[in-house]
Amino acid sequence: MWVALNAWLNHEQVLVEQAAGNDAMNLTIAFEAHIQSVVRYADALVQDIREDVVEDPNDFEEVVREELQVYGNMIAQVAVINAAGRLVYSSLGPVTGNVDLSGREHFQVHLENPSQDKLFISKPVLGRVSGIWSIQFTRPIVDEGKFVGVFVISIPINFFTDFYRKINVGPSGLIALVGKDRIPRAVASKSGLNTTLDGIVLSQDEPYFDNTNPAEGLYRGASAFDRVDSLVAYRRLEHTGLIVLVQLSPTDYLSSFNERRQFLLFSATVTSALLFAFAIFLYFVTRQHLGNTAALKQSYSALRQLVSVDLLTGARSRGDFLEALETEFSRAERHGTELSLIWLDLDHFKRVNDTYGHPVGDTVLSQVTTLCNGVLRAHDVFGRLGGEEFGVILPHTNGMDALDVAEKLRKIVEKAVIPTDRGPLQVSISCGVSSMLPVGDSPSQLIVRADDALYKAKHAGRNRVCAAYAGETMRSSNKPVDSKT
Ligand SMILES: Nc1nc2c(ncn2[C@@H]2O[C@H](COP(=O)(O)OP(=O)(O)OP(=O)(O)O)[C@@H](O)[C@H]2O)c(=O)[nH]1
């Protein structure tokens, strides 16, 4: 998101800069046209009235009055200087005293080159008679090849600056009319650089003073006036020795873009913060969920353990035992291996309870389990089926071997002396053994047959092992096998 936003903002900024550059260049074209028309008009006026100074001096003042009635707001003064540099005529009123203008630059230029009838545009000068800052447009007055003076039309600097101020170049921008002599003629800006230009000479390093540069251009750099970073467009007016400048401040033309950028950056920051907060939230929720899942798994496994184990004896619970029988039966079927089942029951256990009490009975049940587990292999399954009845699953075991195992169990219990709170006790067990048939058998049928065999063992006098009926894989007769007679 940030990369895309950054790329978009950079692209937008380039577009805004380009638009500002176009605006500045267009403004210089308009100002050039304005200056050219002012210069053309001023020069035409100079040449028109100058003729009357020599040819019709009597009508001269009348001609001046008529022209001023038409263009009076633009002209501060019409003046004539004689060959000695003295003011001999001013449209502002009768000339009194000796006003020596021989030091003016225009007088010197025309005095030295009387044959060059060329318009001279002065630097801003403070009028001795008018008392205002103006730019003077002058030509030499020559009579029969002889220099007789200088004709002057003064246009007040305000004429330019008032016009420039009407153009909006932003709070920090400016418009300037500068001479190639590096002296500004008029500058207008909202920041105060208006008419007080006395003594200002711009740096020679400005690109528009370099004649090797194009006559019009646009660049970004420090302003010649206040050294502030600016976008500067210029046009050189080659025949007049003037340059028009439009200077725009990036602070102005980028202000609305910067506001938009700040808003977008703020929005992106808020969005990022929200996304980050959401990610953190998700992280904690997920972690909690995973924690809960792990805890649940632990509880489930503990619960499963509880359910799968008989709490009194530690043998497999009935449910778990029957499930294990299903599993082992399927496996034996799949692999074609043998499987046997022993169903065993404590003999006359009721008497133990009745004689010594229930707690002693519990001890006996627990001890018998321990004794049986001691005999069995690791992969045999010993489970409590309920009360004093137990079962043993014997994978990979045929009927004969299962009978041997049952016999071992019977013997170890028979021989054992079980310590109890009421003194040592001896008990016995009866076992029924069944084995998986090669075909058409099931876990429940295997149980039924083992239970039947157990019933036979009980019926035959207890403390003995009986096999199920003939037809099973174990070798047995139709009669129950009694391991103890
Ligand atoms: N102490 C104790 N006794 C139990 C438990 N479960 C069952 N019993 C007892 O086991 C006895 C089983 O008695 P019966 O079913 O009559 O069997 P038996 O006395 O062992 O006689 P045969 O099985 O015929 O030899 C009952 O007295 C039950 O109360 C147990 O968890 N703890």
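In the block above lies the structure referred to throughout.
Since we're looking at a predicted model, the values are computed, not measured. (Residues numbered from 1 in each chain as written. Predicted model: local features only at pLDDT ≥ 70, side-chain atom pairs only at ≥ 80, totals over all residues. Heavy atoms only, no water.)

Hydrogen bonding along the main chain pairs the strands of a sheet, whether they run parallel or antiparallel. Read across the open sheet, the 5 strands follow the order S2-S1-S5-S4-S3; overall the sheet is antiparallel. Single-partner strands in this sheet number two, and they are strand S2 (87–90) and strand S3 (120–126). Across the sheet, the mean angle separating the axes of adjacent strands is 25° when strand polarity is ignored. Sheet analysis places strand S4 (residues 133–143) next to strand S5 (residues 146–156), joined by 10 bridges and oriented antiparallel. Bridge pairing in S5 places Thr138 opposite Val152. Helix-sheet contacts for helix H1 (residues 2–55) involve strand S1 (77–82), S3, S4 and S5, and the interaxial angle to S4 is about 40°. (Pairing = 2+ DSSP bridges. Helix = DSSP H or I, 4+ residues; strand = E, 2+ residues; numbered from the N terminus. Axes fitted to C-alpha atoms, helices over the stretch in contact; angles between N-to-C directions. Contact = heavy atoms within 4.5 Å.)

One ladder, built from 3 bridges, connects S1 with S2; its direction is antiparallel. What sits directly across from Ile81, in S2, is Leu87. Here S1 folds back onto S2 in antiparallel fashion, the turn holding 4 residues, of which Gly85 has a positive phi close to 90°.

Taking burial as the measure, the 8 residues of strand S11 (residues 339–346) include 8 buried ones, the bulk of the element. Residues Leu339, Leu341, Trp343 and Asp345 point to one face of S11 and Ser340, Ile342, Leu344 and Leu346 to the other, with burial holding for every one of them. Pairing between S11 and strand S13 (residues 389–395): 7 bridges, direction antiparallel. Counted as the bridge partner of Trp343 is Gly391 from S13. Here S11 runs beside strand S14 (residues 429–435); their pairing, made up of 7 bridges, is antiparallel. Across the sheet, residue Asp345 finds its bridge partner in S14, namely Ser430. (Buried < 20%, exposed > 50% of the residue type's maximum accessible area, 1.4 Å probe, protein only.)

Residues other than glycine seldom take positive phi values, yet Arg462 does so here, at roughly 70°. Phi is positive for Asn463, which is not a glycine, with a value near 45°. Assignment of secondary structure puts Asn463 in the loop between helix H11 (443–459) and strand S15 (465–467). Look at Asn463 and you get buried, because its relative accessible area is 9%.

Moving on: the site of the ligand. In the vicinity of the ligand lie 17 residues, with His348, Phe349, Asn353, Asp362 and Arg384 positioned nearest. Leu346 is positioned with one of its backbone polar atoms (N or O) 3.1 Å from an oxygen atom of the ligand. With respect to the ligand, the side chain of Asp362 contributes an N or O atom lying 2.7 Å from a nitrogen atom. At the level of secondary structure, the elements contributing two or more residues to the shell around the ligand comprise S11, helix H8 (349–356) and helix H9 (358–375). For the shell around the ligand, the element with the highest residue contribution is H9, accounting for 4 residues. Broken down by class, the residue content of the shell around the ligand amounts to 4 nonpolar, 5 polar and 8 charged. (Near = heavy atom within 4 Å. Polar contact = N/O pair within 3.5 Å; in protein donor to acceptor, adjacent residues only side chain to side chain. Nonpolar A, V, L, I, M, F, W, Y, C, P; charged D, E, K, R; others polar.)

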